[in-house]
Amino acid sequence: LHQMDRTSKLLITGVSSFLGSWIAKWALETKKYQVFGSVRDDKDEKKTKILKEGLGKLFDDLTLVSINLEDKASIKKGVEGMDYVIACASPFSTDDKGEDFFVQPAIDAALGVLEAAKGSTVKRIVFTCSCSNIQDFSKDKEYTCDETQF
């Protein structure tokens, strides 16, 4: 394992997402970080299969951790000991139940990461987002999300 040479610990939340997986690939290829990737359930091979296939041999240097972004204790445990966090995940649902159901859990998760990092070893946090943040799921599947929605 190359991890023995790596001193900085990097946590990527939502590592199985499109953006998260590309960030993991980059971080693993640099060989500068011990890379930890969060998923909802690190034992669910069905959910991590695509990530494993996409990363190939790099997957062996990735440490998967389970983090429930709706549970502050879970977030704190996942962030513990990390130097850097790249947050690519957010609680997500396509149910149209309004802002309290969709937006508030995302805000709470972001605050949970910030609170977990406060006073810890974390030096920097990067938050990312995707077009799913502005996607109108009430539209049919042929709906195209583009810059006009911003």
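Here the structure is shown first, and the text comes after it.
All chains use their own residue numbering, which begins from 1 and follows the written sequence. Owing to the predicted nature of the model, reporting of local features is limited to residues with pLDDT of at least 70; listing and counting of side-chain atom pairs is limited to 80 or more, with chain, interface and lining totals taken over all residues. Note that the side-chain values use all heavy atoms of the structure and ignore hydrogens as well as water.

Asker: So what about helix α3 (residues 72-79)? Which residues, and what values?
Answerer: For every residue, the accessible area obtained with a 1.4 Å probe (protein chains only) is divided by the maximum for its type, and the residue is called buried under 20%, exposed over 50%, and partly exposed between those limits. Per the convention used, a helix needs a DSSP run of H or I reaching at least four residues, while a strand needs a run of E reaching at least two, with both numbered from the N terminus. Listed in full, the buried residues belonging to α3 are Ser 74, Ile 75, Gly 78 and Val 79. The arc that holds every buried residue of α3, seen down its axis, measures 125 degrees, which confines them to one face. Facing away from the buried surface of α3 by more than 90 degrees, the exposed residues are Ala 73, Lys 76 and Lys 77. A positive phi of about 85 degrees marks Gly 81, the residue just after α3. Arc definition: it is the arc formed by the directions from the helix axis to the C-beta atoms.

Asker: So, the sheet that holds strand β4 (residues 84-87): which residues are in play, and what are the values?
Answerer: Being paired, for any two strands, means DSSP has found at least two bridges between them. The strand order across the open sheet built from five strands is β3-β2-β1-β4-β5, with neighbouring strands paired in parallel fashion. One side of each edge strand has no neighbouring strand; the edge strands of this open sheet are β3 (62-66) and β5 (124-127). Sheet twist, expressed as the average angle between the axes of neighbouring strands with direction ignored, equals 20 degrees. Where β4 and β5 come together, four bridges link them in parallel fashion. In the strand pairing of β5, Tyr 84 is matched with Arg 124. Strand contacts of helix α1 (residues 18-30): β1 (8-13), β2 (33-39), β3 and β4, with the helix running at about 160 degrees to β2, the strand carrying the most contacts. For helices, the axis comes from a line fit to the C-alpha atoms of the stretch in contact; other axes are also lines fit to C-alpha atoms, and the angle between any two N-to-C directions lies between 0 and 180 degrees. Between two residues, a contact is recorded if the distance between any of their heavy atoms is within 4.5 Å.

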